[in-house]
Every structure is written in C-alpha cells, then in structure tokens.
Amino acid sequence: MADVTEEAPGDAPAIAVLIADDDPVARFGLTMMLRGAADVRVVAEACDGSEVIELATRHAPDVVLMDIRMLGTDGITATETLRARDDTPQIVVLTTFDSDAHVLRALRAGAAGFLLKDTPPEELVVAIRQAAQGKPVLSPEVTRRLIDRVAGAEPGRDARAEAARRRLDTLAPRERTVAIDVGAGRSNAEIAARHHLGLATIKTHVSAILTKLDLDNRVQIALLVHDADLDPQA
C-alpha cells in the first residue's frame, strides 16, 4: 500500500485518483502517465482490493482505476463494496477482453465503465475526467462487443431476460424507447434527433429511467436492455 502526496501541477482543481493493480510496474506506469495532466492527481496506490477500501476511506478519491484480477480481494469484490457506500467514488475497470465476464459483473455492480490496459495516455486522462463527471467511459462499439460476447454464455440467461423485461415494463412508453436507444449506445443528442424531441426532454427521460430502475449510470441501462434481449438497433 502506498500513499502518494505529490500535488498535480497548475491551479486547476485536481481529480483525485486511486490506482489499484497488483503489478507494481503497471502502477508505476499509470502514475507516471497521469503526472502530465494538470487536473489529475494520484493520491494513492493499492495492490489488492482490501487496500482499495482502506485507501478510499482515507483519501476519498474521485475516481478509482481498478484492476480486476488481483491477489487477495479482487477488483470486482472491491467495486461492489465501494458502490454500496454513500460516498462512493467513480470506478473505472482496467481490463483486457480476456476477462469479459468479470467486466460485465463489475459494470452491473455500478462501475462507470472500463478501459483496456493499453489505452493511450491522452484517452486515459479524458476517461478519468468523464468518470469524475459521472459519465460512462466506454465507447458504444466496445460496449456492444463486450455484451455480445458474454451475454449468450451467461448462466441463467432466460431468467435474467424475463426479470429485465419486467423492470423495463415499469417505464412509460417513451422512457422505454429512450432506454432501448441508450442500449444502442446513442448519445442524448442522437436520441433527441431520432425522435424529434428536445435535448432537455431526453435528459429528463434518462434521469427518470435511472431513478425508476434504481440504476447508477447509462451503462447499466444498456446492460438491462441487452439482458431483456431487446434489439437496440430497432
């Protein structure tokens, strides 16, 4: 476990980041990579999920970069524990496509999204900024690839689909349509143009969907749509 006290350069408010990875070389590389961003500050590093919980309590990071496979407490368990707290940080999972099923579980637990470990530095910084604002940090293309590869192999898929449909049926017709559009990876602006509605109206619908379904972010809406076996391209 390591506390990192070096301040980020510049006067802009810094986004506090906690890095969790059991590979010291990976932690060092991420820390060095983020030093070039004036508005990002690495406040601590953890080598397993139990240290993540302790360090998050101590440093109150805005964003956690979470590896999945760590010795001791893994990143998924740590994600679930953090998301159950009132003062939860945004969590971005670091992964490869070899661990799709684990990533899906992390997203269902409320992670803001995921990044591949070879993400270019400039994209990593942008993703951290988006996560700090509560925005998902995975592209529609990557989202669809992940879900398509995993959904068919998950145990209990039929029961999950039925449960997902029942939840979506609690939405008003327009909200359900917007949810399906979110499942297709469409932005609010794209959804507004598609249905000839104002952007503010779409934002209101998305907020209502999140509240009614007790979800944390758009990624979870997309997962629910895919769980229900609805066609997001319709």
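The model shown is predicted, which means the values in this text are computed figures rather than measured ones.

Visitor: In this structure, what is going on with the side chain of Arg218? I would like to understand it.
Guide: Within the secondary structure layout, Arg218 lies in helix 11 (residues 218–227). Apart from residues no more than four positions distant in its own chain, Arg218 is found in contact with Pro136, Val182, Arg186, Ser187, Asn188, Ile191, Val206 and Leu210.

Visitor: What exactly am I supposed to notice about the pairing of strand 2 (residues 15–20) here?
Guide: Two faces belong to every sheet, and in a regular strand the side chains alternate between them. Burial runs high along strand 2: six of the six residues are buried. The side-chain alternation of strand 2 yields two buried faces, one formed by Ile15, Val17 and Ile19 and the other by Ala16, Leu18 and Ala20. Taken together, the six bridges between strand 2 and strand 3 (residues 40–46) define a ladder with parallel strand orientation. Each bridged residue has a counterpart across the sheet, and for Ala16 the counterpart in strand 3 is Arg41. Chirality of the crossover, the property in question, places the unit of strand 2, helix 1 (residues 24–34) and strand 3 among those that are right-handed. Across four bridges, strand 2 lies against strand 4 (residues 63–67) in parallel orientation. If you follow Ile19 over to strand 4, its bridge partner there is Leu65.

Visitor: Looking at this model, I keep getting lost on helix 3 (residues 75–83). Mind explaining?
Guide: Helical geometry: 3.6 residues make up each α-helical turn, so side chains three or four residues apart lie on a common side. Every buried residue of helix 3 is accounted for by Gly75, Ile76, Ala78, Thr79, Leu82 and Arg83. Along helix 3, the residues classed as buried sweep out an arc of 160° about the axis, all on the same side. The N-capping residue of helix 3, defined by a side-chain oxygen 3.1 Å from the backbone nitrogen of Ile76, is Asp74.

Visitor: What is the right way to read the packing of helix 2 (residues 49–59) against helix 3 from this model?
Guide: In helix packing, the relevant descriptors are the interaxial angle and the interaxial distance, both defined with respect to the helix axes. Across the interface, helix 2 lies against helix 3 with an axial gap of 8 Å and an inter-helix angle of 25°. One way to sum up the angle between helix 2 and helix 3 is to call them roughly parallel. The crossing of helix 2 and helix 3 is right-handed. Two secondary-structure elements touch here, helix 2 through Gly49, Val52, Ile53 and Ala56 and helix 3 through Ala78, Thr81 and Leu82. Partitioning the contact of helix 2 with helix 3 into residue classes produces five nonpolar, two polar and no charged.

Visitor: Honestly, the pattern of salt bridges in this entry has me stumped. Any pointers?
Guide: Oppositely charged side chains are able to pair whenever their charged atoms sit close together. Within the structure shown, the criterion is met by 11 salt bridges. The residue Arg85 makes a salt bridge to Asp87 at a minimum N-O spacing of 3.3 Å. Here the salt bridges share partners, and the residues they tie into one network are Asp21, Asp67 and Lys117.

The rules behind the values
- Residues numbered from 1 in each chain as written.
- Predicted model: local features only at pLDDT ≥ 70, side-chain atom pairs only at ≥ 80, totals over all residues.
- Heavy atoms only, no water.
- Helix = DSSP H or I, 4+ residues; strand = E, 2+ residues; numbered from the N terminus.
- Contact = heavy atoms within 4.5 Å.
- Buried < 20%, exposed > 50% of the residue type's maximum accessible area, 1.4 Å probe, protein only.
- Pairing = 2+ DSSP bridges.
- Right-handed = clockwise from strand over helix to strand, strands pointing away.
- Arc of directions from axis to C-beta.
- Polar contact = N/O pair within 3.5 Å; in protein donor to acceptor, adjacent residues only side chain to side chain.
- Axes fitted to C-alpha atoms, helices over the stretch in contact; angles between N-to-C directions.
- Parallel < 35°, antiparallel > 145°, perpendicular 65-115°, else oblique.
- Left-handed = near helix turned anticlockwise from the far one by under 90°.
- Nonpolar A, V, L, I, M, F, W, Y, C, P; charged D, E, K, R; others polar.
- Salt bridge = Lys/Arg side-chain N within 4 Å of Asp/Glu carboxyl O.

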